[in-house]
Amino acid sequence: MGSEKVVAFAVSWNAMVLQALRVQQALYFSFVRSLWSPWLGSRASSRTTAQLQGAALGILNKGLGPVHRTATANARRLTRRAH
């Protein structure tokens, strides 16, 4: 059971890093677009704030997915053995 946790952590960490790279790329392009269109004003900044919040939640979601799958699989396996 310990090795499963280590693997789940590694998969989780990898998923979070890949999601963070995708988010950084999207935010970079959003920043570049905002430089080319300064007339958007406050609408662009509110959109960027929403992107940052969504990005943080997306990274956390990607990281928790593998851990959640492993934990629920372990719980199912252990409850079957108990009966």
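Description of the structure in this document. Values in this document were obtained by computation on a predicted structure and should not be read as measured data.

Reading guide: rules and limits
- Residues numbered from 1 in each chain as written.
- Predicted model: local features only at pLDDT ≥ 70, side-chain atom pairs only at ≥ 80, totals over all residues.
- Heavy atoms only, no water.
- Helix = DSSP H or I, 4+ residues; strand = E, 2+ residues; numbered from the N terminus.
- Buried < 20%, exposed > 50% of the residue type's maximum accessible area, 1.4 Å probe, protein only.
- Contact = heavy atoms within 4.5 Å.
- Areas by Shrake-Rupley, 256 points an atom, 1.4 Å probe, with all protein chains shown as cover.
- Polar contact = N/O pair within 3.5 Å; in protein donor to acceptor, adjacent residues only side chain to side chain.
- Expected span 1.5 Å × (residues − 1).
- Phe/Tyr/Trp six-rings, centres within 6.5 Å; stacked < 30°, edge-to-face > 60°.

1. Quick word on the overall build of the chain
Looking only at helices and strands, the chain features two helices and zero strands. When the 83 residues of the chain are sorted by exposure, 17% land in the buried category. Put simply, of all contacts in the chain between residues at least 6 apart along the chain, 90% involve residues at least 24 apart. With an accessible surface of roughly 6,500 Å², the chain has 67% of that area assigned to carbon and sulfur atoms.

2. Describing the side chain of Gln19
Residue position: Gln19 is located in helix 1 (residues 2–36). For Gln19, a relative accessible area of 16% corresponds to the buried category. A polar side-chain atom of Gln19 sits 3.2 Å from a polar atom in the side chain of Arg22. Contact partners of Gln19, with chain neighbours within four places excluded, come to Gly58, Ile59 and Lys62.

3. Section: helix 1
Over its 35 residues, helix 1 extends 51 Å from the first C-alpha to the last, a length consistent with the 51 Å expected when each residue adds 1.5 Å. Ala8, Ser12, Ala15, Gln19, Val23 and Ser30 are the residues of helix 1 that are buried.

4. Thoughts on the packing of aromatic side chains
Scanning all chains against the criterion turns up two aromatic pairs. When the ring of Phe9 is compared with that of Trp13, the centres are 6.2 Å apart and the planes differ by 25 degrees; the resulting orientation is stacked. Remark: Trp13 and Phe9 occur in helix 1; sequence separation between them is four residues, near one turn of the helix. A relative accessible area of 54% means that Phe9 is categorised as exposed.

5. Details of the environment of Ala8
Secondary-structure assignment places Ala8 in helix 1. As a C-alpha pair, Ala8 and Gly65 span 57 residues in sequence and 9.2 Å in three-dimensional space.

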